[in-house]
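Read off the chains here:
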Amino acid sequence: MHTILFLCTGNYYRSRFCEYYFNHLAMQKALNGRADSRGLALERGQNNVGPISKYTRQGLLSHNIQLPDNLRFPLSLTVADLNKADQVIAVDKTEHRPLMHARFPDWENKVDYWCVHDIDQALPDDALKQLENHIHDLISRL
């Protein structure tokens with residue numbers, strides 16, 4: 001089983017979308033892959049309400065992807081998480097590479113970086129569409 005770990009800042013919006021969207025497509029296509037997600041700086045999400053972003057929820061529902069009733073709250077990245085993954089993807093190089101350098105320097109250059117900005121710099125519909133495109137490309141290479 002190929003395991004992918006998606007990273008964002010708060011594990012609330014972008015990485016959670018990636019996790020659920022990837023897993024949905026992998027199941028549809030019967031791929032031997034599974035995704036999980038973690039956050040690099042949960043302390044920056046003081047205004048996050050509930051276990052997942054409303055934009056993530058809406059984006060997934062637009063693809064008929066149902067979320068579980070017992071939805072977990074955001075989780076912080078650990079070295080154990082990194083060690084378990086076959087591939088690690090941080091969704092915004094500008095934002096996340098410095099965090100990797102500061103918090104997990106041994107892993108900074110082992111991570112693949114995308115360039116999908118957070119809600120303060122990109123409209124949710126645009127960001128989610130970029131993530132979808134990246135995930136489709138990723139799946140085509142598995």
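Worth saying up front: this structure is predicted, and the values here are computed from it rather than measured.

### With respect to the overall build of the protein chain
Broken down by element type, the protein chain carries five helices and four strands. Taken from the N to the C terminus, the helices and strands of the protein chain come in the order β-α-β-α-α-β-α-β-α. For 142 residues, the compact-globule formula gives about 14 Å, and the C-alpha radius of gyration of the protein chain, at 14 Å, lands near that figure. Its C-alpha atoms put the protein chain at 40 × 35 × 30 Å along the principal axes. The burial tally for the protein chain puts 49% of its 142 residues in the buried class. Within the protein chain, contacts between residues separated by at least 24 positions form 74% of all contacts whose residues are at least 6 apart in sequence. Carbon and sulfur atoms make up 49% of the accessible area of the protein chain, which totals about 7,600 Å². Taken as two groups, the 16 positive and 17 negative side-chain charges of the protein chain have centres that lie 2 Å from each other.

### Describing helix H5 (residues 124–140)
Between its first and last C-alpha, H5 extends 24 Å over 17 residues, near the 24 Å set by a 1.5 Å rise per residue. Taken together, the buried residues of H5 touch strand S1 (2–8), helix H1 (14–28), helix H2 (54–61) and strand S3 (87–90).

### Focus on the sheet that holds strand S2 (residues 33–39)
Pairing within the open sheet is parallel, and its four strands lie in the order S2-S1-S3-S4. Edge positions in the sheet fall to S2 and strand S4 (112–113), since each of these pairs with one other strand and no more. Relative to S4, S3 runs parallel, the two sharing two bridges. When the sheet's bridge partners are listed, Ile89 is paired in S4 with Asp112. Sitting on the sheet, H1 is in contact with S1 and S2, with an inclination near 170° to S2.

### A short note on the pairing of S2
Burial analysis of S2 places five of its seven residues in the buried class, which makes it a mostly covered element. One ladder, built from seven bridges, connects S1 with S2; its direction is parallel. Residue pairing across strands places His2 opposite Gly33, the latter belonging to S2. At this point the chain moves from S1, through H1, to the parallel S2, and the crossover so formed is right-handed.

### A look at the pattern of salt bridges
By the definition in use, this model includes 12 salt bridges. Linking Glu108 and Arg97 is a salt bridge whose minimum nitrogen-to-oxygen distance equals 3.0 Å. Here Arg97 lies in helix H4 (residues 93–103) and Glu108 lies in the loop between H4 and S4, a separation of 11 residues in the sequence. The buried category is assigned to Glu108, whose relative accessible area is 14%. If you follow the salt bridges from partner to partner, you end up with Arg16, Glu19, Asp36, Arg38, Arg72 and Asp81 in one network.

### Thoughts on the nonpolar core
In terms of nonpolar packing, the biggest core is built from 28 residues, with Phe6, Phe22, Trp114, Leu131 and Ile135 touching the most fellow members. For this core, the secondary structure elements donating two or more residues are S1, H1 and H5. Leaving out residues up to four positions away in the same chain, Ile135 has contacts with Phe6, Cys18, Tyr21, Phe22, Leu25 and Trp114. Core analysis: the second largest hydrophobic core is formed by 15 residues, Leu40, Leu77, Val88 and Phe104 among them.

Reading guide: rules and limits
Just so you know, the residues in each chain are numbered from 1, in the order the chain's sequence is written. Given that the model is predicted, a residue must reach a pLDDT of at least 70 before its local features are reported, and side-chain atom pairs must reach 80 or more before they are shown or counted; all residues, however, enter totals for whole chains, interfaces and linings. Hydrogen atoms and water are omitted, and side-chain values are computed over all heavy atoms in the structure. Strands here mean DSSP runs of E at least two residues long; helices mean DSSP runs of H or I at least four residues long; both are numbered from the N terminus. Our radius of gyration is a C-alpha quantity, and the globule rule it is checked against amounts to 2.2 Å times the number of residues to the power 0.38. Whether a residue is buried, partly exposed or exposed follows from its accessible area with a 1.4 Å probe, protein chains only, as a fraction of its type maximum: under 20%, in between, or over 50%, in that order. Contact criterion: two residues are considered in contact whenever any of their non-hydrogen atoms come within 4.5 Å of each other. Computed by Shrake-Rupley with a 1.4 Å probe, the accessible areas treat only the displayed protein chains as cover when residues are assessed. Note that His is not counted, nor are the chain ends; the positive residues are Lys and Arg, and the negative ones are Asp and Glu. Just so you know, the charge point we use is NZ for Lys, CZ for Arg, CG for Asp and CD for Glu. What a helix should span is 1.5 Å times the count of its residues minus one. For two strands to count as paired, DSSP must find a minimum of two bridges between them. To obtain an axis, a line is fitted to C-alpha atoms, over the contacting stretch when the element is a helix, and the angle between two such axes runs from 0 to 180 degrees between their N-to-C directions. Note on handedness: a crossover is taken as right-handed if, strands pointing away from the viewer, the path from the first strand over the helix to the second is clockwise. Basic side-chain nitrogens of Lys or Arg form a salt bridge, by our definition, when they fall within 4 Å of a carboxyl oxygen of Asp or Glu. Nonpolar cores are built from buried Ala, Val, Leu, Ile, Met, Phe, Trp, Tyr and Cys residues. Side-chain atoms within 4.5 Å join them into one set.

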